[in-house]
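# Architecture and fold: a report
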Amino acid sequence: MEINSLKKNILEKKFGRRSFLIGASQLLLVGLLIRQIRQIQLNEAEKYKLLAEENRIDIEIMPPLRGIIFDREGIILAKNKENYRIKILRVETINLPSVLDNLSQLIKIRDERKIEIIQKLEKKRSNSSIVIAENLTWSEFKRVLVNLPSLQGIVPEVDFKRFYTQKEFLAHLLGYVGVISPKDLQRFSKNDPILQIQDFKIGKVGVEKGLDMYLRGQVGLGKFEVNASGKIIRKLGEEPSSSGKDIHLTIDANLQKFSMLRIKEYSASAVIIDLSNGGIISMASNPSYNPNKFVEGISKKDWNILLKSKNQPLANKAISGNYPPGSTFKMIVAIAALEENLINPEDIFECNGFYELEERKFHCWKYSGHGSTNLLKGIEESCDVYFYNLAERVGIDRIAKTARKFGIGVTPDLPISGISKGLIPTKKWKKNNKNQSWFTGDTLNSGIGQGFILSTPVQIAIMTARIATGLEIKPSLIKAINGIPIKHNKPISLGIKKSTLDVIRQAMFGVVNNKSGTAFNSRLINENKILAGKTGTSQIRQISEEERTKGIIKNEDLPRNQRDHALFTGYVPFTNPKFSVSVVVEHGGGGGKVAAPIARDILLYALNGALPNLQEYPAEERNKMESIINNIKREMISI
Amino acid sequence: MLYSVADGDYDKWSKPQFERFLIGFVIMLVMGFINIDFWRACAPFIYFVGVLLLLSVFFFGDYGGGAKRWLEFGSFRFQPSEIMKVGLVMFLSIYYDWLKPKNTSKLFWVIIPIIIIFLPTALIIPQPDLGTGIIIAMTGVTMMFAAGVHYFYFLIIVLLIPAFLTLLFYSRDTSWQLVTDYQFNRIDAFLNPGKDPLGVGYQITQSKIALGSGGLEGKGFMQGSQSQLDFLPYKHTDFIFTTIAEEFGFFGGVGLLLIYSTILIFCLFSAFKNRNRFGSLLTIGLSTIFFSYFFVNIAAVTGMAPVTGVPLPLISYGGSAMLVVLGTFGLIQSSHVHRLLKKD
């Protein structure tokens, strides 16, 4: 019995030891758990708190509204129009094909588009979204809204889309907006929140690009609490976006429309500058395109048509077109000569139809010659031989200096993309670029605005503005930003002698108003609206000696792309200049015949603020003008 | 806690759970008053019923959460493996109660309990339920240890573990793979949760974020962003500890562990004081089951062990675990109440 109880005792002791060991090791493991919890909850708490916040808070970047563009009178040129669109969220649990099938019963979705959507979405991060339909009508959008319960993952949304009210009439100047391309990325800092906005649109071309920093605005940040599936639980805070600045341009929308209609049948451009402040009130370039197509994403087909079109509808010819200024350049040569006291206006040069330089003949456009020619006659009748003489006397360096002073070969400071500098050649330029020394023949060609010289229509309009005022008129496009007018410094004097300018102006008066002037047909008879100007016919082909003896082929008989460019530049009114103009009609033929009437009509519209009155034209022009004006009138009303 | 994770909806999880708790509590009390000898008599029966049920799961079981663990009787679904745990402990208790102490460490008398343990383990692991299988095996081994089997045998087991693990990983992607791909994925996620933060590792990562962001004092009742905003998976079942620790912080989590430990210590004392060998072995075994529940659960949600789908005792939403835990408490109470009762 005692042994038994002893045995029992040993057994109990053993069990006690063993159970103590079990208990101790279990408590040790609990201790390990506590250690691990302490590690996570106390030592690493900060890290995990941050991660929990990242989980919980979703920052949404809210795009700013783009600034509105107005014309000088407050007519809206570019605005933001509601765009009803539908997005789809990437959520693993939804059955995409069936949702899309349901959706396609409400709005039209092509089958290929469905496949494309599914493929695109699969590449996306969870809870991110892609746009599946845009520009829906209100009734389509409403249908989707009503049926939303059966459309899992579909998010209807209203955003804003740029809309250009003037369509083709102001396409080049305004340009358009588009999504950020890899090329545009250079313009952004890497962390710019704008880059995170899906399909954010920036200015790509024209004023939209040039003034993008004003128009774009500041993004807003919305802080939302979201759950694991990305659903917004509540708004935590908001830093609202600030919309872009509204811009009033110097453009006059009606004049612009008139200009575009007036050059409708040509590949041409026309620029008008308001001489009181340098504001460009119209900048027309034809052919044109509808910028709204670019906002919606232009189709490949339409894009190719625009690209391949031979008259370059995408180019803003008024600022990017490089043309030899032709005879419109003769004022520059004359001013250089007069300023340097190299001639008197009365000095006579004989024109026999050509100028001989080292056995090479430089021809006048008039085969028979102009006879005795002074400065006034030289400009009025645009005698080339007179200006060969002048150019040789003045030399290219002085010509170049004067040209730059008047804005030729100088990039105008305008907030618009695609501006060309033009080209004023010098000896150094020819050495560097052609690896040839400068010949006197080059100077002669420059004297009549041919050869290497290139200028843009806006430069020619600036030149005429400066001749008309004697001031260093600087072109501008912005009238006001956010309603606050832009203050321009009063233009300074060019420092050209009044006598010089008077002679040039007198000559330009003669071009239009003397019977022998090259633009006599385009004169205006109202004495308060007298037009002064200069024609130019810039030759783009070599005329051989043989052709000259046989008789130069008329422009009408040449293939179109070999015909001369027709130019005209001028200002009104002669006594109290208000506007300057330049018109370039590509392959238009004679400047006096084609370009001058266009310039006259546009200036008349600018002066009147309305369609030209027939009484302002000379009697012989009225019949022709009546039909032109009536056509334009009809089209302006119908738009 | 269930009220909190149900976003303040009492009816969703709290109410049925509370009802179950009441039923379980009554069962526990009734079981506690029933004589220990009755339970002794039941023991082999419960063990073999458990084995039979596991066999039927093997053939007719229901799938739930990717595994075949459930048996369905009408609208009542339960996991036989839960019953098996209790059955095993009871069966081993009567075995060692019956066995003459001097035979305890003899090889033949050691192999018999190993077979008793191996049978249910082998049926549970392929369900697949590696966690419960290991818990069952460990519980059995613990009981053998408590019963006084010689240290030598445990040394062998300790030495065999690395060999087994090597074999386990070596078997991967072979025709005789020891566990399923699903289980390998869980193990991968445990070893490297950052590798696939949105896939399998997501649960562990989010769970750690919830714990860590709770800090010392927690975010407050129903204020846990991780659980309230659904970042936590299985927040009302296996991951409920995370919600506790997120909302009540380090104090809350450790507090719960201390409550559990107190229960454990009580059980050990009870076992120690018990004059009845069956009762003390039963208490040790059942408290080990209780321990393994909360240890495996919390180790998993804190990233110390792979996620195995073991609930947190008395707190996770779910019927059979609740009933089993309360049932074991009933048995422990019964053996405590009858601690002075000796086998005649």
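Residues numbered from 1 in each chain as written. Chains lettered and ligands numbered in written order. Predicted model: local features only at pLDDT ≥ 70, side-chain atom pairs only at ≥ 80, totals over all residues.

## Focus: the overall build of chain B
A count of helical and extended segments in chain B gives 13 helices and 3 strands. Here chain B holds 344 residues, and the buried ones make up 51% of them. The long-range share in chain B, meaning contacts at least 24 apart out of those at least 6 apart in sequence, stands at 69%. (Helix = DSSP H or I, 4+ residues; strand = E, 2+ residues; numbered from the N terminus. Buried ≥ 20, exposed ≤ 12 C-beta atoms within 10 Å, placed from the backbone. Contact = placed C-beta atoms within 7 Å.)

## Some details on the overall build of chain A
Summing up its helical and strand segments, chain A has 23 helices and 21 strands in all. Within chain A, buried positions represent 41% of all 639 residues. For chain A, the share of sequence-separated contacts (at least 6 apart) that also reach a separation of at least 24 residues comes to 74%.

## Some points on the interface of chain B and chain A
Contacts between the two partners involve 39 residues from chain B, matched on the other side by 33 residues from chain A. Mapped onto the side of chain B that touches chain A, the elements with two or more residues apiece are α6 (130-147), α9 (201-214), α10 (225-228), α11 (240-273) and α12 (277-301) of chain B. Across the side of chain B that touches chain A, the residue classes break down as 24 nonpolar, 13 polar and 2 charged. (Nonpolar A, V, L, I, M, F, W, Y, C, P; charged D, E, K, R; others polar.)

## Topic: the nonpolar core
Residues and elements named next belong to chain A. Formed by 118 residues in total, the largest nonpolar core has its most connected members in Ile272, Val333, Val583 and Ala595. Residue-level mapping places this core at the junction of two domains, with at least three residues from each of domain 1 (59-217 + 229-249) and domain 2 (253-265 + 318-638). Not counting chain neighbours up to four residues away, the residues in contact with Val583 comprise Ala268, Ala270, Leu567, Phe568, Ala595, Ile598 and Ala599. (Core = buried A, V, L, I, M, F, W, Y, C linked by C-beta atoms within 7 Å. Domains from an automatic or database assignment.)

## Description of the sheet that holds strand β1 (residues 57-62) of chain A
In a beta sheet, neighbouring strands are held together by backbone hydrogen bonds and run either parallel or antiparallel to one another. All names here are of chain A. Pairing in this open sheet of 3 strands is antiparallel, and the strands run β1-β8-β9 from one edge to the other. Where the open sheet ends on each side, the last strands, each with one partner, are β1 and β9 (232-239). Ignoring strand direction, the axes of neighbouring strands in this sheet form an average angle of 25 degrees. As defined by bridge partners, β1 adjoins strand β8 (residues 220-226) across 6 bridges and the pair is classed as antiparallel. (Pairing = 2+ DSSP bridges. Axes fitted to C-alpha atoms, helices over the stretch in contact; angles between N-to-C directions.)

## Here's the deal with the packing of α6(B) against α12(B)
Residue and element names in this part refer to chain B. The contact between α6 and α12 brings their axes to 9 Å, and the two run at 145 degrees. Crossing hand, α6 versus α12: right-handed. Touching Gly131, Ile135, Met138, Thr139, Thr142, Met143, Ala146 and Ala147 of α6 are Leu281, Ile284, Gly285, Thr288, Ile289, Ser292 and Val296, all from α12. Per-class residue counts for the contact of α6 with α12 are 9 nonpolar, 6 polar and no charged. (Left-handed = near helix turned anticlockwise from the far one by under 90°.)

## Description of the environment of A:Phe163
Residue and element names in this part refer to chain A. With respect to the helices, strands and loops of the structure, Phe163 is situated in strand β5 (residues 154-164). The exposure class assigned to Phe163 is partly exposed, which follows from the 18 C-beta atoms found within 10 Å. Each C-alpha atom of the pair Phe163 and Ile76 lies 9.9 Å from the other, and the pair is 87 residues apart in sequence. In this structure, Phe163 is in contact with Lys79, Lys81 and Asn292, ignoring residues within four places of it in sequence.

## What about the packing of helix α3 (residues 36-60) of chain B against helix α4 (residues 80-98) of chain B?
Residues and elements named next belong to chain B. As a packed pair, α3 and α4 sit with axes 7 Å apart at the nearest point and diverge in direction by 140 degrees. Like other packed secondary-structure pairs, α3 and α4 cross with a definite hand, here left-handed. The segment α3 lies against α4, with Trp39, Arg40, Ala43, Pro44, Ile46, Tyr47, Val49, Gly50, Leu53, Leu54 and Val57 engaging Pro80, Ser81, Ile83, Met84, Val86, Gly87, Leu88, Met90, Phe91, Ser93 and Ile94. A breakdown of the residues in the contact of α3 with α4 according to their chemical character gives 17 nonpolar, 4 polar and 1 charged.

## Concerning the sheet that holds strand β12 (residues 280-286) of chain A
All names here are of chain A. With antiparallel pairing, 5 strands are arranged side by side in an open sheet as β12-β11-β21-β20-β19. Edge positions in the open sheet fall to β12 and β19 (532-538), since each of these has one partner strand only. The average angle at which neighbouring strand axes cross in this sheet is 5 degrees, direction not considered.

## Details of the environment of B:Leu167
Residue and element names in this part refer to chain B. Mapped onto the secondary structure, Leu167 falls in helix α7 (residues 151-170). On the basis of neighbour count, Leu167 is assigned to the exposed category, with 12 C-beta atoms found within 10 Å. With 10 residues separating them in the primary sequence, Leu167 and Gln177 have C-alpha atoms 9.3 Å apart.

## Structural notes on the pairing of strand β21 (residues 579-585) of chain A
All names here are of chain A. Most of β21 sits out of view: 7 of its 7 residues are buried. Every second residue of β21 is oriented toward a common face, with Phe579, Val581, Val583 and Val585 on one face and Ser580, Ser582 and Val584 on the other, all of them buried. In this sheet, β21 lies alongside strand β11 (residues 268-274) in antiparallel orientation, the contact comprising 7 bridges. If you follow Ala268 over to β21, its bridge partner there is Val585. Of the pairings in the sheet, the one linking strand β20 (residues 565-572) to β21 comprises 7 bridges and is antiparallel in character. In the strand pairing of β21, Val572 is matched with Phe579. Between β20 and β21, which pair antiparallel one after the other, the connecting turn spans 6 residues.

## Quick notes on unusual backbone geometry
Of all residues except glycine, most have a negative phi; of all peptide bonds, most are trans. All names here are of chain A. Between Asn286 and the following residue, Pro287, the backbone shows a cis peptide bond with an omega angle of 0 degrees. Within the secondary structure, Pro287 is located in the loop between β12 and α10 (291-295). With an omega of -25 degrees, the peptide bond between Val572 and Pro573 qualifies as cis. Structurally, Pro573 is set in the loop between β20 and β21. Despite not being glycine, Lys167 shows a phi value in the positive range, around 45 degrees. By the secondary structure assignment, Lys167 is in the loop between β5 and α6 (171-174). Judged by local crowding, Lys167 falls into the partly exposed class, with 15 C-beta atoms found within 10 Å. In this model, Gln312 sits at a positive phi of 50 degrees, which is unusual for a non-glycine residue. As for its placement among the helices and strands, Gln312 is situated in the loop between α11 (300-308) and α12 (317-320).

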